[in-house]
Amino acid sequence: MADIKADELGTRVARDPSMMTGGVPTKEWMDTEAVFKPGNYCYQGKPEVVDYLRKELPPGVFGPAHEWDIESDDWNLPDNWKEIIVNGLKERLDKFRSLKIFMDCCVRCGACADKCHFFLGTGDPKNMPVMRAELMRSVYRHEFTKAGKILGRMAGARPMTFKVLKEWFMYYYQCTECRRCSVFCPYGIDTAEITMMGRELLHLVAVNINWVLEPVYNSSRTGNHMGLQPHTLKENVEYLCEDIEEITGVKITPSWNRKGAEILFITPSADFFAEPGIYTCMGYLLLFEHLGLDYTFSTYASEGGNFGSFTNNEMMKKLNGKMYAEAERLGVKWILGGECGHMWRVVHQYMSTMTGPADFLEAPKSPITGTVFENAAATKMVHISEFTADLIHHGKLKLDKSRNDHRIVTFHDSCNPARAMGLLEEPRYILDHIVNKHYEMPENTIREKTFCCGSGTGLNTGEIMELRMRAGLPRANAVQYVHDKYDVNTMACVCAIDRATLSALMGYWVPDVEVCGISEMVGNALIMDGEKEVRETGLRFEALAGSEGDADV
Amino acid sequence: MILREALAENRVIIAEKWLDSILTSYHEDGARFFKKQKDRFANPLGYNARMGAERTVERLAAGEVSDLPPELVQFIKLRAVQTFKPSEAIGFMYELKQISAKVCGMDLMAANFSEWQAIEADIDKLALQAFDLFMADRELIYKIKLEEFKSGNAGTANGGCPSGAVLRKHNAEKIELKVIRDC
Amino acid sequence: MKILYPFVAVIGLMLIAYFGAQAGLESLFGIVIPYLAITIFIVGFIRKVVYWAKSPVPFRIPTTCGQANSLPWIKQNKIECPSTTSGVLKRMFLEVVLFRSLFRNTQADIYDGPKLRYGSSKYLWLFALMFHYSFLVIIMRHMRLFTDPMPFFVPILDFFDGFLQIGTPPLYISDLIILLGLLLLFSRRIFLPKIKYMSLPADYFPLFLIFAIASTGCTMRFWDRVDVVNIKHLAVGLASFHPVIIGKLNPLFYVHIFLVSTLLAYFPFSKLMHMGGIFMSPTRNLANNSRMVRHINPWNDPALKPHSYADYEDEFREVMVEANLPVDKGLPVKEEEAPAEDTAAE
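None of the values given here were measured: they were computed from a predicted structure.

1. So, the overall build of chain B
Then, in step 1: Counting its secondary structure elements, chain B contains eight helices and zero strands.
Then, in step 2: When the 183 residues of chain B are sorted by exposure, 52% land in the buried category.
Then, in step 3: Sequence-distant contacts, at least 24 apart, represent 74% of the contacts inside chain B between residues at least 6 apart.
Then, in step 4: Total accessible area on chain B stands at roughly 8,600 Å², and carbon and sulfur atoms take up 56% of it.

2. Focus on the pairing of strand 6 (residues 490-493) of chain A
Residue and element names in this part refer to chain A.
Then, in step 1: Of the two faces of strand 6, the one lined by Thr490 and Ala492 and the one lined by Met491 and Cys493 are each fully buried.
Then, in step 2: Inspection of the sheet shows strand 5 (residues 409-411) paired to strand 6 by three bridges, in the parallel sense. Its bridge partner being in strand 6, Val409 is matched across the sheet by Thr490.
Then, in step 3: Note: strand 6 against strand 7 (residues 514-517), four bridges, orientation parallel. Of the residues in strand 7, the one forming a bridge with Thr490 is Glu514.

3. As for the domain arrangement of chain C
Then, in step 1: Domain boundaries in chain C define domain 1 (4-280) and domain 2 (309-345).
Then, in step 2: Summarising the inter-unit geometry, the C-alpha centres of domain 1 of chain C and domain 2 of chain C are found 72 Å apart.

4. Re the sheet that holds strand 7 of chain A
Residue and element names in this part refer to chain A.
Then, in step 1: Spatial strand order, 5-6-7: three strands in an open sheet with parallel pairing. Across the chains shown, the open sheet's two edge strands, defined by having one partner strand only, are strand 5 and strand 7. Each strand of the sheet is rotated relative to its neighbour by a mean of 30°, with strand direction disregarded.

5. Observations concerning the interface of chain C and chain A
Then, in step 1: Facing the 96 residues of chain C at the interface are 123 residues of chain A.
Then, in step 2: Between chain C and chain A the total buried area reaches about 9,000 Å² when both faces are included, carbon and sulfur atoms providing 59% of it.
Then, in step 3: Between the two partners, chain C and chain A, sit six salt bridges.
Then, in step 4: Between Asp104 of chain A and Lys48 of chain C there is a salt bridge, with its nearest N and O atoms 3.2 Å apart.
Then, in step 5: Seen at the junction of chain C and chain A, the total is 66 residue pairs in polar contact (both at pLDDT 80 or more).

About the criteria used
- Residues numbered from 1 in each chain as written.
- Chains lettered and ligands numbered in written order.
- Predicted model: local features only at pLDDT ≥ 70, side-chain atom pairs only at ≥ 80, totals over all residues.
- Heavy atoms only, no water.
- Helix = DSSP H or I, 4+ residues; strand = E, 2+ residues; numbered from the N terminus.
- Buried < 20%, exposed > 50% of the residue type's maximum accessible area, 1.4 Å probe, protein only.
- Contact = heavy atoms within 4.5 Å.
- Areas by Shrake-Rupley, 256 points an atom, 1.4 Å probe, with all protein chains shown as cover.
- Pairing = 2+ DSSP bridges.
- Domains from an automatic or database assignment.
- Axes fitted to C-alpha atoms, helices over the stretch in contact; angles between N-to-C directions.
- Buried area = accessible area lost by both parts, 1.4 Å probe.
- Salt bridge = Lys/Arg side-chain N within 4 Å of Asp/Glu carboxyl O.
- Polar contact = N/O pair within 3.5 Å; in protein donor to acceptor, adjacent residues only side chain to side chain.

See the structure below:
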C-alpha cells in the first residue's frame, strides 16, 4: 500500500497558495457570473430530439424545444420560465424528502469542499459541493422560507434570475453525481440528488445538453444509446466472435432475442461497439461459453446504461422499463447485468421501485453453482462480478493467471458501484484469481472514497475535453503514483463510462496505463475447452508476457 | 560560479517568489483554497508545481538544463488544459529571470555579468522546453479527441455512427486491399 | 458585511434586553418572551419535521460506505453499509453521537505523511464534538434551575463538570470548552478562505448568539453574581406555569434569557434544524437492501411504459428478419420477395 514519507513532500508545501487557481476571490459568490466560453460547456440538445422525447413523456417534463445559443444572453426561453422553474421546484420538494432535508440542513461546515474532483481539478469555488447546492438553496430560501423572504440576501436568499439559471446550467453540468461528497457530509447531503433535481428543473424549460439527450433518444428508439440498429448490433458481436476464434481457436455463437433462455444478459451497449469495452464483451462471451450458460442477448434491451438517469425520473423509468419488459417477453428466469456504473445505480437503487415488482421472474440462482443470490431477491438482477466471484469461489472456472502477466493492475472503484451499491470486494476477489500482480491506489482514493473519472453523467463528450482532463486529475494523479511505484500499466474497472473516459484521461496524464474491464481479464485467463494449444495474444491482440521471449509460460 | 552558487543558496526563496508570481496569472474567481493541502492526492498540482519550481531552480543553479524536472512537466500538462493562451501558460518561465536577479542582487549580477548572461540563456532553454511540452500536450489533446472518435466512444452525438469493431474491420480490409494493390 | 450584520444584531439584542429590563419590562423579558419563544420553538420544530415528513422518500438511496451484503462468504461492512434495521440504527448512532462522517477524514493522515492535510478536517470533527457536547452538558446542568427536586443526574454532572476545583464557585469545564469550541468554529470561518467564501450571515449569527449566551452565563456565575435562589424561583415557576419574579434581578440575567429566547425562536427557521434533519437524511437512515426488498414509491406512475417491443419490431422488422433475428410477427407476405431480391442483387 501507498505510504509517502513526510519529508518526501517537504514542510513548505503547506504554506503556499494553490497552483490550481491562485487568486483569492474578490467578490462574494452571488456577485460573480457564469461565463460560457467554448470548451467549458457541452453543446445544447437538438430541437428535433427534444421534440421526440416530449411526445414520449407526460406533458411538461420537457419544455418546448427551442433554438438557443449558450454563449448569448438570450436563451430564447418561454416568457413564464421563472414560474415554471419555481413551480417545478415546489413539485419536487413535495415529491422528494431528500430535497427538502438537503435544502434545510446544511450548516456549511465545509467538510465536502475539497472532496469534489471538479473542485480539486478546476479550483472554481462554485464547484465545491456546498456551493453547488447553495445555488439552488438560495432560490429555495427566497421562495419557500420565511427567513429568506424577509431577510433576503442576509439569509442567503436570492430570486430566480437568468443569472442563476446560467449558473445552474454551468454547475449542474460540472457534477458527475459521483456522491463522494456525500460520504464526508455529517448529514449525508448528496450532491447527486441536488444535481439530478437541478437538471430536471432545467429540462422544464428545455435547457439541456445533447450528449445526454441524443443517447436517451437512441436508447428509447433503437434500444441502445449509440443508435445501433438490431442487425448492426448482431453483426458487431459476430465480429467480436471472429476475433475470439482467431485468438483462442474457440467458436462462439451467442443467441439473440431468444425466447425461453434461462438468463437475459444486459450490458452497456458501449461494450458492443467501443474500445476498450468490446474486449470486456469478448470476456463475457468467453465466460458464458466456458460455462455453457443458457443465456441470450437482446437487441431491444441492448443498453444497460441509463442516460435517462442523467435527465429526469420519468426518462430514467422509461428507459429502465425495457429490461423487465424484455425479460417478461422472452420468458427468462432472471437477468444478469454487465459491468457498468450508473446502470447499477439505477438497477440497485431504483429499478425494483420504479418498474417492479418483477413477479414474472424467479429469484436469481446460478445454474452452475446453485447459489441463490439473496441480495437480489426482489430486483432479480445480478451483477456480473457477483456472478463471477461466486463461480471462482466454487472452483468452477479453469483459469490461467499467467496469461495476464503482461498486466500490472490497479483497481479503480467506479463511483456508483462503490457508493450506491457497496460492490467493493467482488472485483478484488476476482482480480486475486486472474492476475498475479495488482496494487491498490492510495487509501483515500479508493473504495467509498474513490475519485470519479471526471466524465460521468453524460459529460463524456469531446467539446469539453480540457475540462474532463482537469476533473479527472485527482484520479489520474493516484494512478500516476502506483504507476511510478509499482510499474502499474493497467487500470481495471467495472464501468463502461470509465472504460471510455479513463482511456482518454490516461492517454493524457499517464499514457503508459491502459484501461480494461475486469471481465476482459477473466476472459483472457479462461482455459477454454478446445482452445488453441498456444495462446499468442490477449483479447486485444496484444502480446502476452511469454510470447515476447520472457519464457514465462 | 558566484551567481550559480547564490542561486543554489537562495533556491527556496526564489522558488517561493516564483510560485507567487505564477499565481497572479490565474483568474480572479479562482481561490487560494489549496493552501493547506499538502497531500499530493488531494492537491495534485500544488505538489507538482512546488516541487517542480524548486527542482527547476536547483537545476538552473547546477547548470543542468537539458530537461525539465518531471514535476514541472506535469504542471505544464495542467496549464495546457486550463483556459490559457500559450503565452500566458508558459510566460511564467521567463519570470524566473527577474526573480533570480532580484534575489541575487543587482550588484552581484553586474559584477558577474557574463555568468548572468549564461544563466539567462539557460532560462531561455528551459522556457523553450516548456513551450515544446505545452505544444506536445495540446497535440495530445487533439489526438485523444480523435482516438475517442475512432474508438467508437464519441459517435453518439451524430447517431448511427459505425461501431469500433466495424471500423476496425473496415480499416483492416482497406489496408489488406492496399497491400494487395501495392504488390 | 456578512460578519458585521449578525454581530451588530446580537449586540442590539443584548442592549434591548439590558435596558428593557431596567425600564420595568421585567415580566416581558422574564416571562412573556420566554413562553413565546418556547412556543415558537416547539411549534416551529414540529411543523418543520412534519413539513419534511410530508414528502415521501421515493427511492432508497443510501450512500454506501463499505462492502454491501452480497455473497455469504464476502464480509459485509454491517455498519457503513447496513442491510438491516439494526445496522442502520448502529450507523445512525455513530453518525449522530460521534459524528462519524466528519471523523472519516483522519484516515488520510496515515498515508500522506504531512499531517496538516486532513488534520484540518479532523479538527472540524473535534471542534464540533467540543461544541455540541459541552452545549448538551450545559443544558442538562441548567435542569437544576427548572426542577425541584432536581433530577438525579444533575448533581453528578455538576460534580464532574466542576471537578477541576478551580476558583469559587468552581469553574465548569463545559463553559471553557463551549467558548473555546465556538471560537475555533468561528476562526475556521474567517481564516480558512474556502469556508469564509461559503459562509452566510446565517452561519455567523448563531455563533455570535450562542457565544453571547455562554459568556453572559459565565459572567453571572463568576463576576457579576446573580441571586440564584430568586432565579430558580422564576425558573421553576416558568416550568410549572406559575411564574413570579421576586426582587430585582441582575439585568444581565434578562440579557441571558432574552438571548436564549431568541435562539429558541430562531431555531426552527434556521440551519440549526440539522438537529432534526440528521435523523431523516435518506442517504444515511435507509438500509442498503433495495435489490432484496422492494421499496415503494407512492407517486410512481404505472402508466409510464417503455417504448414497446411491438413498436420497436415494427420499425426494425425488415432488418431483423434479414439478420436472422427472431421476430414476433414476421414480415407481410407481399414484401417477402423484396429482401430476397436485394440479396440476389448483391
